[in-house]
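# A closer look at the structure
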Amino acid sequence: MITSIAFLSFGALVKGQQVKDYAVQPVAFTRVKLTDNFWEPKIQVNAKVTIPYILDKCRKTGRVDNFLKASQTTGGDAASEFPFDDTDLYKVIEGASYSLQIRPDKMLESQLDTLIAIIGAAQEPDGYLYTFRTMHSAHPHPWIGTRRWENEEILSHELYNAGHLYESAVAHYQATGKRSLLNVALKNADLLIKTFGYGKETKYPGHQIVEIGLVKLYRVTGEKKYLDLAKFFLDIRGPKGDAYNQADKRVADQHEAEGHAVRAAYMYTGMADVAALTGDATYLKAIDDIWDDVVNKKLYVTGGIGATGNGEAFGEAYDLPNMSAYAETCAAIGNVYWNSRMFLLHGDARYIDVLERTLYNGLLSGISLSGNRFFYPNPLASMGQHLRSAWFSCACCITNMTRFLPSVPGYVYAQNGDNLYVNLFMSNTAGIKLHSGAVTITQQTDYPWDGKIALTVDPASSFPWELHIRIPGWSRGQAVPGDLYHFAGYKASVIPITVNGQPIAYDTQKGYAIIRRHWKKGDKVVIDLPMPVEKVMANERVKADLGKFAFQKGPVVYCLEGPDYADSTVQSIVVDTSAAITADYKDTLLNGITMLATKGYSSARQPKSDQVITRDAQVKAIPYYAWNNRGSCEMEVWIPYEASAARPKPAPTIASGSTVSASLHNKRMLSALNDQYDPVDSKDNSALYLHWWPKKDSKEWVQYDFNGEFTVSSSKVYWFDDGPWGGCRVPKSWKLYYKKDGQWVEVNNTSAYGTEKDKYNKVTFDPVKTTALRLELQLPADNSSGIHEWIVE
Ligand SMILES: [Zn+2]
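All of these numbers come straight from a predicted model, not from anything done at the bench.

Conventions adopted
- Residues numbered from 1 in each chain as written.
- Predicted model: local features only at pLDDT ≥ 70, side-chain atom pairs only at ≥ 80, totals over all residues.
- Heavy atoms only, no water.
- Helix = DSSP H or I, 4+ residues; strand = E, 2+ residues; numbered from the N terminus.
- Rg over C-alpha atoms; globule rule 2.2 N^0.38 Å.
- Contact = heavy atoms within 4.5 Å.
- Areas by Shrake-Rupley, 256 points an atom, 1.4 Å probe, with all protein chains shown as cover.
- Lys, Arg positive; Asp, Glu negative; His and termini not counted.
- Charge placed at Lys NZ, Arg CZ, Asp CG, Glu CD.
- Phe/Tyr/Trp six-rings, centres within 6.5 Å; stacked < 30°, edge-to-face > 60°.
- Buried < 20%, exposed > 50% of the residue type's maximum accessible area, 1.4 Å probe, protein only.
- Lys NZ or Arg CZ within 6 Å of the ring centre and 35° of its normal.
- Donors = N, O, S within 2.8 Å, 3.2 Å for Na, K, Ca; no water.
- Salt bridge = Lys/Arg side-chain N within 4 Å of Asp/Glu carboxyl O.
- Pairing = 2+ DSSP bridges.
- Polar contact = N/O pair within 3.5 Å; in protein donor to acceptor, adjacent residues only side chain to side chain.
- Axes fitted to C-alpha atoms, helices over the stretch in contact; angles between N-to-C directions.
- Left-handed = near helix turned anticlockwise from the far one by under 90°.
- Nonpolar A, V, L, I, M, F, W, Y, C, P; charged D, E, K, R; others polar.
- Expected span 1.5 Å × (residues − 1).
- Bend = angle between axes of the 7 residues up to and from the residue.
- Parallel < 35°, antiparallel > 145°, perpendicular 65-115°, else oblique.

### Some remarks on the overall build of the chain
- Along its length, the chain carries 15 helices and 31 strands.
- For the chain, the C-alpha radius of gyration of 28 Å lies close to 28 Å, the compact-globule estimate for 793 residues.
- By its C-alpha atoms, the chain is 95 × 70 × 50 Å across when sized along the principal axes.
- Taking contacts inside the chain between residues at least 6 apart in sequence as the whole, the part at least 24 apart equals 71%.
- As displayed, the chain offers around 29900 Å² of accessible surface, 50% of which is attributable to carbon and sulfur atoms.
- One finds the centroid of the 84 positive side-chain charges in the chain at a distance of 3 Å from the centroid of its 87 negative side-chain charges.

### Here's the deal with the packing of aromatic side chains
- Inspection of every chain in the model, using the stated rule, returns 42 aromatic pairs.
- Ring geometry for Tyr360 and Tyr447: centres 6.0 Å apart, planes at 75°, overall edge-to-face. Separated by 87 residues along the polypeptide, Tyr360 in helix α13 (residues 349–363) and Tyr447 in the loop between β7 (437–445) and β8 (452–459) bring together distant segments of the chain.
- With relative accessibility at 0%, the residue Tyr360 sits in the buried group.
- Counting every residue linked through ring pairs, the aromatic cluster contains Phe38, Trp39, Tyr360, Phe425, Tyr447, Trp449, Trp474, Tyr585 and Tyr625.
- For Arg148, the ring lying beneath its charged end belongs to Tyr128, and the centroid distance is 4.0 Å.
- Note that Arg517 overlies the ring of Trp519, its terminal NZ or CZ placed 5.3 Å from the centroid.

### Points about the coordination of the zinc ion
- Distances from the zinc ion to its protein donors, namely Glu328 (OE), Cys330 (SG), Cys396 (SG) and Cys397 (SG), fall within the range 2.1 to 2.3 Å.
- Counting gaps between the donor residues of the zinc ion yields the pattern E-x1-C-x65-C-C. Taken together, the residues Glu328 in the loop between α11 (281–298) and α12 (329–346) and Cys396 in helix α14 (residues 396–404) connect sequence positions 68 residues apart. The exposure classification of Glu328 matches that of Cys396, with both residues buried.

### Here's the deal with the environment of Gly304
- With respect to the element layout, Gly304 can be found in the loop between α11 and α12.
- You can call Gly304 buried: its relative accessible area is 3%.
- Sequence-wise, Gly304 and Val354 are 50 residues apart; in three dimensions their C-alpha atoms are separated by 10.0 Å.
- Residues in contact with Gly304, not counting those within four places in the same chain, are Lys298, Leu299 and Ala327.

### A short note on the pattern of salt bridges
- The tally for this structure, following the rule as stated, stands at 40 salt bridges.
- Note that Arg219 and Asp21 form a salt bridge whose closest N and O atoms lie 2.9 Å from each other. Placement of Arg219 in helix α8 (residues 210–221) and of Asp21 in the segment before β1 (25–26) is noted, with a sequence separation of 198 residues between them.
- Judged by relative accessible area, which is 10%, Arg219 ranks as buried.

### Things to note about the pairing of strand β14 (residues 512–518)
- Bridge analysis of strand β9 (residues 464–470) against β14 gives seven bridges, and the strand direction is antiparallel. From the neighbouring strand, Trp465 faces β14, where its bridge partner is Arg517.

### Focus: the sheet that holds β9
- Strand order across the open sheet formed by six strands is β1-β4-β5-β9-β14-β13, with mixed pairing between neighbours. Pairing within the sheet leaves two strands with one partner each, and these edge strands are β1 and β13 (507–509).

### Observations concerning the side chain of Gln123
- Looking at the secondary structure, you find Gln123 in the loop between α4 (106–121) and α5 (131–134).
- Here Gln123 falls in the buried class, since its relative accessible area comes to 13%.
- Among the polar contacts listed, one links the side chain of Gln123 to the backbone oxygen of Gly127, at a separation of 2.9 Å.

### Thoughts on the side chain of Glu328
- The buried charged residue Glu328 lacks any salt bridge partner; its closest oppositely charged side chain belongs to Arg263, at an N-O distance of 7.8 Å.
- Residues within four places of Glu328 in sequence aside, it is in contact with Val262, Ile305, Glu312, Tyr376, Pro377, Asn378, Cys396 and Cys397.

### Structural notes on unusual backbone geometry
- The linkage connecting Gly238 with the following residue, Pro239, adopts the cis geometry, with an omega of 0°.
- Within the secondary structure, Pro239 sits in the loop between α9 (224–235) and α10 (261–278).
- Within the chain, Asp758 stands out as a residue other than glycine whose phi angle is a positive 65°.
- Along the polypeptide, Asp758 turns up in the loop between β29 (743–746) and β30 (760–778).
- For Asp758, a relative accessible area of 44% translates into the label partly exposed.

### Considerations on the pairing of β7
- Here strand β6 (residues 428–434) runs beside β7; their pairing, made up of seven bridges, is antiparallel. Following the sheet pairing, Asn428 is matched in β7 by Gln443.
- Here β7 pairs with β8 via seven bridges, running antiparallel. Residue Thr442 lies in a different strand from β8, and its bridge partner there is Thr456.

### Description of the sheet that holds strand β12 (residues 502–503)
- Overall, antiparallel pairing links the seven strands, which are arranged β2-β6-β7-β8-β15-β11-β12 in an open sheet. The open sheet terminates on both sides in strands that have one partner only, identified here as β2 (32–34) and β12.

### Details of the packing of helix α1 (residues 39–60) against α14
- Packing of α1 against α14 leaves a shortest axis separation of 10 Å and a crossing angle of 145°. Every pair of crossing elements has a handedness; the one defined by α1 and α14 is left-handed. Residue-level inspection shows Asn46, Thr50, Ile51 and Ile54 of α1 in contact with α14, the latter providing Ile398, Thr399, Met401 and Thr402.
- Here the contact of α1 with α14 is composed, by residue class, of four nonpolar, four polar and no charged.

### Notes on α1
- If you check α1, its first and last C-alpha atoms are 29 Å apart, about what 22 residues at 1.5 Å a residue would give, namely 32 Å.
- Maximum bend of α1: about 40°, positioned at Asn46.
- Among the residues of α1, those classed as buried are Trp39, Glu40, Lys42, Ile43, Asn46, Ala47, Thr50, Ile51, Tyr53, Ile54, Leu55 and Cys58.
- Gly62 lies just past α1 and shows a positive phi near 85°.

### Section: helix α2 (residues 63–70)
- Of all eight residues that make up α2, six are buried, and the element is covered over most of its length.
- Among the residues of α2, Arg63, Val64, Asn66, Phe67, Lys69 and Ala70 are the ones counted as buried.
- Each element contacted by the buried residues of α2 is listed here: α1, α3 (86–102), α4 and α5.
- Downstream of α2 by a residue or two, Gln72 has a phi angle that is positive, lying close to 65°.

### Re the packing of helix α7 (residues 180–195) against α9
- As a packed pair, α7 and α9 sit with axes 10 Å apart at the nearest point and diverge in direction by 55°. The orientation of α7 relative to α9 falls into the category oblique. Between α7 and α9 the crossing geometry is left-handed. Residue-level inspection shows Leu186, Ala189, Asp190, Leu192 and Ile193 of α7 in contact with α9, the latter providing Lys225, Tyr226, Leu229 and Phe233.

### Some points on the environment of Gln25
- Assignment of secondary structure puts Gln25 in strand β1.
- A sequence separation of 318 residues divides Gln25 from Phe343, and the C-alpha atoms of the two residues are 9.6 Å apart.
- From its side chain, Gln25 meets the backbone oxygen of Tyr22 in a polar contact 3.2 Å long.

Just distances and angles here, no functional claims.
Laid out in structure tokens, this is it:
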């Protein structure tokens with residue numbers, strides 16, 4: 001095991017040069033041995049369940065075959081769907097390598113050796129490695145172009161693959177000391193050096209990450225050419241490309257977050273790395289401004305980023321819809337990478353505040369407690385249409401989670417000279433080299449359920465040094481840096497710190513309590529962060545959160561989830577703001593969580609009245625990250641405290657009492673027809689709707705079988721239409737039929753069958769007494785159709 005070549009200051013590697021780097025240096029995760037009850041079990045599940053599961057999936061889904069084909073042992077067409085599928089293998093090797101550093105495993109190590117040999121065999125003699133081209137398929141993927149790099153700026157992902165290869169290779173080298181994958185990576189990187197540069201190929205990466213990978217190669221080899229190429233790839237972006245991949249402006253001229261959120265977060269991370277290593281002030285100014293833009297206007301309370309599925313992108317300022325929130329798992333991971341770098345640049349705890357919010361909420365939600373079910377988007381509300389998936393054909397989020405989790409201990413500590421930073425709280429023992437000597441530090445805590453943290457130090461020799469303990473923003477009444485969220489009714493309290501049992505006075509700088517001492521073996525520091533349940537309020541410009549608040553206790557954001565309610569509905573709940581909130585640890589629920597409880601009421605519509613009826617309700621909340629581990633269900637993070645913000649339960653109507661069927665079989669979609677949710681407009685995708693996409697030009701139907709015989713004479717339909725970008729339009733035509741003696745008979749309509757957008761289309765007909773109604777529609781020639789709501793009167 002070569003654990004000494006971690007990402008510590010690597011000045012020694014570049015002999016005789018004064019090397020710039022981050023002011024603060026992280027303490028590598030290999031030096032931090034977790035003993036806690038929260039993260040350690042999750043990292044165990046990653047090692048025992050997720051990594052073997054993903055390795056198997058990579059084999060079964062053709063991702064390994066692609067390399068075999070490229071090495072011409074089998075030949076033929078690509079065995080999987082996307083040209084970036086190579087990265088899934090790289091990422092699982094990276095995760096497995098991290099895991100090996102903590103848990104040596106000969107079997108796993110030899111599996112990696114085999115895979116690396118397969119990867120190496122697929123590399124072309126000059127270092128090029130991209131299976132989708134090298135396999136010389138008879139049916140080349142349309143994204144890859146006819147020549148190398150031709151489509152790099154848009155779709156080919158050749159440099160994206162390279163970036164993940166480099167990260168994986170460095171991880172494998174550091175874990176095992178073997179150069180096998182590192183040699184493959186360096187050969188590939190040297191081809192990039194030969195190919196790209198001023199006066200040579202000047203294409204920028206279509207999907208960033210090669211910048212981060214090249215910086216890692218620089219750190220491990222000390223060869224500046226890799227850092228220079230990383231900077232080149234950033235400097236040549238813009239101004240003539242698309243905002244989608246942050247190429248519409250030069251990177252130094254970018255001051256707001258825009259476009260594809262994962263690409264963006266990787267780019268900002270790469271810019272921070274390059275800024276730290278070169279001292280480029282223009283990069284620094286750009287990412288400082290972008291960070292302000294994100295935390296003040298574009299960050300979910302869960303730490304997720306990238307509000308819209310349209311381009312997997314950042315939305316407009318304050319546009320943070322909940323049910324349709326995209327908040328991709330990869331973007332959350334990218335947000336952690338980026339904020340960790342921002343901290344290393346500035347030594348300010350506010351970046352760790354954002355990192356921690358993301359880590360415990362919008363990132364951790366990406367994986368099931370079982371370790372083998374995954375979210376790609378991480379919505380903040382659900383009507384039951386969301387369910388974790390065993391796999392995605394675009395598996396980026398799955399393999400990203402696999403590689404990220406084992407590295408969590410690497411975010412706990414950092415150091416700068418003789419200053420030791422304690423950033424995150426989880427029980428562990430760590431060996432840290434400060435400028436003047438080594439220190440062992442032991443942390444004991446039940447975080448995130450309890451805010452009491454005990455730190456015991458054991459310096460190898462006697463010298464004065466400073467302990468910087470992060471005082472989280474949430475414990476100081478600051479939900480986030482900036483004014484996007486705040487705590488309602490926050491009560492300030494003193495945060496006591498004792499040293500060897502004696503209360504001490506301490507200074508606070510940049511969010512850290514600073515204690516300077518001539519520390520002795522066994523010195524014990526105890527900090528007790530008050531952890532009341534806070535009510536988070538959003539800036540009123542966030543329309544989606546009006547009349548609602550979110551519960552937060554410590555770093556954990558909560559949600560209401562269906563299984564904790566007798567009728568499985570939570571959208572109808574309104575919380576009583578004056579009621580007390582209790583917090584109880586339940587060790588058998590969801591692998592052990594603190595559950596919140598308070599009082600409120602649920603509301604329900606009644607037929608032919610605007611008055612809702614209300615009923616007292618016990619309100620229970622679970623940590624957001626743990627939702628959707630009990631099947632698909634209703635969920636909401638933002639909880640109404642005003643009745644107008646709730647969604648009352650449907651009134652009993654002919655439609656709500658009917659059994660729904662259709663020419664498609666999706667229970668959740670069928671339930672959309674009679675959920676009595678009036679959409680904002682036809683393209684409103686924040687709620688459930690039924691659609692036939694990708695079918696087009698066919699005849700389809702939906703049907704209500706009533707729970708009795710009724711006389712009906714009118715019906716209203718609200719069409720789903722997400723044009724011009726989506727694939728659904730109003731239907732070409734439609735008709736209604738009623739059941740008579742077991743046969744479908746067309747109603748005698750007395751008004752037209754409307755197909756207008758953004759409103760109910762009402763049709764009247766001669767009254768019929770029947771037990772069922774059927775709506776038949778003709779899809780447009782070139783599009784599909786969908787229905788938000790279907791009412792029968
Ligand atoms: Zn992803």
